[in-house]
Amino acid sequence: MSRSQTGHVRQRKSGLWEGQYVYQKEHRSIYGITQEEVLQQLDEIIASIENGNYIRPNQHTLISWLREWLHTYAKPTLRPATFTNYEVNIERHFNTEFGKVKLKNVSTRMLQDFFNEKLVSGRADKKPGGLSPKTLKNMRYMLYVALDQAYYDQLIPFNPVNGVRLPVPESPEQRVLRPEEKEQVCAYAATIRTLAAQGVVLLLTCGLRRGELLGLQWKDVDVENGIIKIRHTLSRLEKFDVTKSAYPYIQLDTYAPKTNRTAIYLGPVKTRKAVRTIYLPVRAKAALCVIRAISAEFANEKPNFNLHNLVFCTKAGHPLDAKVLEEGFQKILAELQFKSVNLHATRHTFATEVLQKTTDIITVSEILGHAKPSTTLDMYGHTFDDRKRALMEQM
């Protein structure tokens, strides 16, 4: 048996040479074909321990580690939609020659070159053009968290993502309904006795996210006092085991065929700040009264109707799909001969109108359920243009 500083080397019966050392009171081994090879590795490991940059011997490639991190560390705490997004990014962009690079050899320069290439020609569908700065930012964050875990697990000496630089994402201008358009849409939708039309009224007058509206339960609604509490969101996601999620999800469409890849889930809202109370304007209260009457007609003494007591449900008592809401909104726009915008524009319309009436960013941020007031400013700061113009005219 040979000794390498504080390590030991011996030849096993198989002919392989084994090097043993102690790290944090734990005995660890490395293996090699020759004694010289193992002695050299052992000396390097002991030197790295003494220098404070020890890396645990491992065979991980970049993609093998990303997969392990996703399923071992990330999955228990991620929202299912976020997990799916991360999984797609890993398999789409790292299941390549770059992904086969040894984890310990991944450098900041390699990652910078990777992101530079993705910015120019990184589309996975082979179409011309690269990924958007926002997509790259999200991917960089995923990599940062994954490689930070590798650092804590002593698989790499530092996190190479720290030095990567990306272009700052620009917030795209969102088309919103003009005040007169919003007024006409609300007035017209109020006359249509469908859940989708009344939902459009609620979106335009309360600034809710689509999933928050569809996730409303009657226990969170007080029509008489004009209050609703936002606690849940309803989403269609790839099917997953709700018992293995860190979030209290409820799978709602258990009636769907077993071959379906997706299901509708009732889960927590986006962030803690998104849990909030909304004080209803007159139009919103009127819309909820209509919805309550429609729901009562749907129920009509049916057994086990609308088991989760959702405000928005079908005649059969199943959760209302977001597509129904979108189609109802588009039909209203078409009948009014307005230029089409997506359903999320109702939230932008509400936010823009509110910010034209007040400079109280904190209150507006709370109404919208943003995590921070700075998010509201970043998204809607352009709405102050008229005020800036008026102030400069006074000067």
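This structure is a prediction, so every number in the text was calculated from the model and none was measured.

Reading guide: rules and limits
Residues numbered from 1 in each chain as written. Predicted model: local features only at pLDDT ≥ 70, side-chain atom pairs only at ≥ 80, totals over all residues. Heavy atoms only, no water. Salt bridge = Lys/Arg side-chain N within 4 Å of Asp/Glu carboxyl O. Buried < 20%, exposed > 50% of the residue type's maximum accessible area, 1.4 Å probe, protein only. Helix = DSSP H or I, 4+ residues; strand = E, 2+ residues; numbered from the N terminus. Expected span 1.5 Å × (residues − 1). Core = buried A, V, L, I, M, F, W, Y, C linked by side-chain atoms within 4.5 Å. Contact = heavy atoms within 4.5 Å.

Peer 1: Explain the pattern of salt bridges to me, please; I cannot follow it from the model alone.
Peer 2: Side chains that carry opposite charge are capable of pairing whenever their charged atoms lie near each other. Scanning the model with the defined rule gives 18 salt bridges in all. Glu180 is the partner of Arg178 in a salt bridge, and the nearest nitrogen-oxygen pair spans 2.7 Å. Judged by its relative accessible area of 45%, Arg178 is partly exposed. The class for Glu180 is partly exposed, based on a relative accessible area of 41%. Several salt bridges share partner residues, and in doing so they unite Arg175, Arg178, Glu180 and Glu181 into one network.

Peer 1: Can you walk me through helix H11 (residues 345–357) in this structure?
Peer 2: Since the α-helix turns once every 3.6 residues, residues separated by three or four places project in the same direction. Between its first and last C-alpha, H11 extends 19 Å over 13 residues, near the 18 Å set by a 1.5 Å rise per residue. Extensive coverage of H11 is indicated by the burial of ten of its 13 residues. Along H11, the positions that sit buried rather than exposed are Ala345, Thr346, Arg347, His348, Thr349, Phe350, Ala351, Thr352, Val354 and Leu355.

Peer 1: What's the story with the nonpolar core in this structure? I'm lost.
Peer 2: What tends to happen in soluble globular proteins is that the nonpolar side chains get buried as a cluster. Among the nonpolar cores identified, the biggest contains 50 residues, and Val185, Leu202, Ile228, Leu288 and Phe312 are the most heavily contacted of them. Of all the elements in the fold, those that place two or more residues in this core are helix H6 (179–190), helix H7 (195–206), helix H8 (210–214), strand E6 (227–230), strand E9 (262–268), helix H9 (282–299) and helix H10 (322–335). Residue contributions to this core peak at nine residues, all from H7. With sequence-adjacent residues up to four places away left out, Ile228 is seen in contact with Leu208, Leu216, Asp220, Val221, Arg276, Thr277, Ile278, Leu280 and Leu288. One finds Phe98, Phe115, Met139 and Ala150 within the second-largest nonpolar core, a separate group that totals 30 residues.

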